[in-house]
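Structural overview
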Amino acid sequence: MKTQYTSLVKIKKTHLDKMEQAVASCHDTISIVKKKIEDAYNELSSLEIPQEGDFSLFRQMQDLKHRVTEEIGFNKYNLQLAENALLKAMQQLKTANIEHEKFKYLETTEIEKVLKAQKLKEAKDLDEVALMMFNRKNND
């Protein structure tokens, strides 16, 4: 049964689905960035500083160590951004859910009113038919 709220409920449901996808996307991003951080830490711990050799080899290892450390810092910053985006997306999801539920409730209430009015009209019609049948039976 369609009401004045049916189209609004569909729109709010679509918005709610988009917000759920945004939250899922944020979770995916966070897990990817955490995996990158973990991999960078593993790479950093696996680096071995040469004990002998020329200075250029030592310098290359220091540069590599520095690059991995910067990568970790960059990924931690990205993780912080992703977590902030997740918080924002979750708040938007909460708001979208409330809006959807509100319009869904209004639609349900409107349907109940219409059904109640239909039942009342049907009952009145049945009473009227029964009264007409009773009067016809008594008149014959």
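Above: the structure in question.
Residues numbered from 1 in each chain as written. Predicted model: local features only at pLDDT ≥ 70, side-chain atom pairs only at ≥ 80, totals over all residues. Heavy atoms only, no water.

Things to note about the overall build of the protein chain
As a reminder, the rule being used: Every helix listed is a DSSP run of H or I at least four residues long, and every strand listed is a run of E at least two residues long, numbered separately from the N terminus. Radius of gyration here is computed from C-alpha atoms only, and the compact-globule reference equals 2.2 Å multiplied by the residue count raised to the power 0.38. Only heavy atoms matter for contacts: two residues are in contact if any of them lie within 4.5 Å across the pair. Exposure was quantified through the Shrake-Rupley algorithm and a 1.4 Å probe, taking into account, for residues, occlusion by the shown protein chains and nothing else. Positive charge is attributed to Lys and Arg, negative charge to Asp and Glu, and no charge count is given to His or to the chain ends. Positions of charges follow a simple convention, taking NZ of Lys, CZ of Arg, CG of Asp or CD of Glu.
Summing up its helical and strand segments, the protein chain has two helices and zero strands in all. In terms of overall size, the protein chain is more extended than a compact globule, its C-alpha atoms giving a radius of gyration of 34 Å where 140 residues would be expected to give roughly 14 Å. Along the first, second and third principal axes, the C-alpha atoms of the protein chain reach 125 × 20 × 15 Å. Within the protein chain, contacts between residues separated by at least 24 positions form 84% of all contacts whose residues are at least 6 apart in sequence. As presented, the protein chain carries roughly 11000 Å² of accessible surface, and 57% of it is formed by carbon and sulfur atoms. The positive charge centre, built from 23 side chains, and the negative charge centre, built from 23, are 9 Å apart in the protein chain.

Here's the deal with the pattern of salt bridges
Inclusion rule: Put simply, a salt bridge is a Lys or Arg side-chain nitrogen that is within 4 Å of an Asp or Glu carboxyl oxygen. Type-normalised accessible area, obtained with a 1.4 Å probe on protein chains alone, sets the label of each residue: buried when under 20%, exposed when over 50%, and partly exposed for intermediate values.
For the structure shown, the criterion picks out eight salt bridges. In this structure, the salt-bridge partner of Glu43 is Arg67, at a minimum N-O distance of 3.2 Å. With Glu43 in helix α1 (residues 6-46) and Arg67 in helix α2 (residues 55-139), this residue pair connects regions lying 24 residues apart in the sequence. Glu43 sits in the partly exposed class, given a relative accessible area of 29%. Judged by its relative accessible area of 39%, Arg67 is partly exposed.

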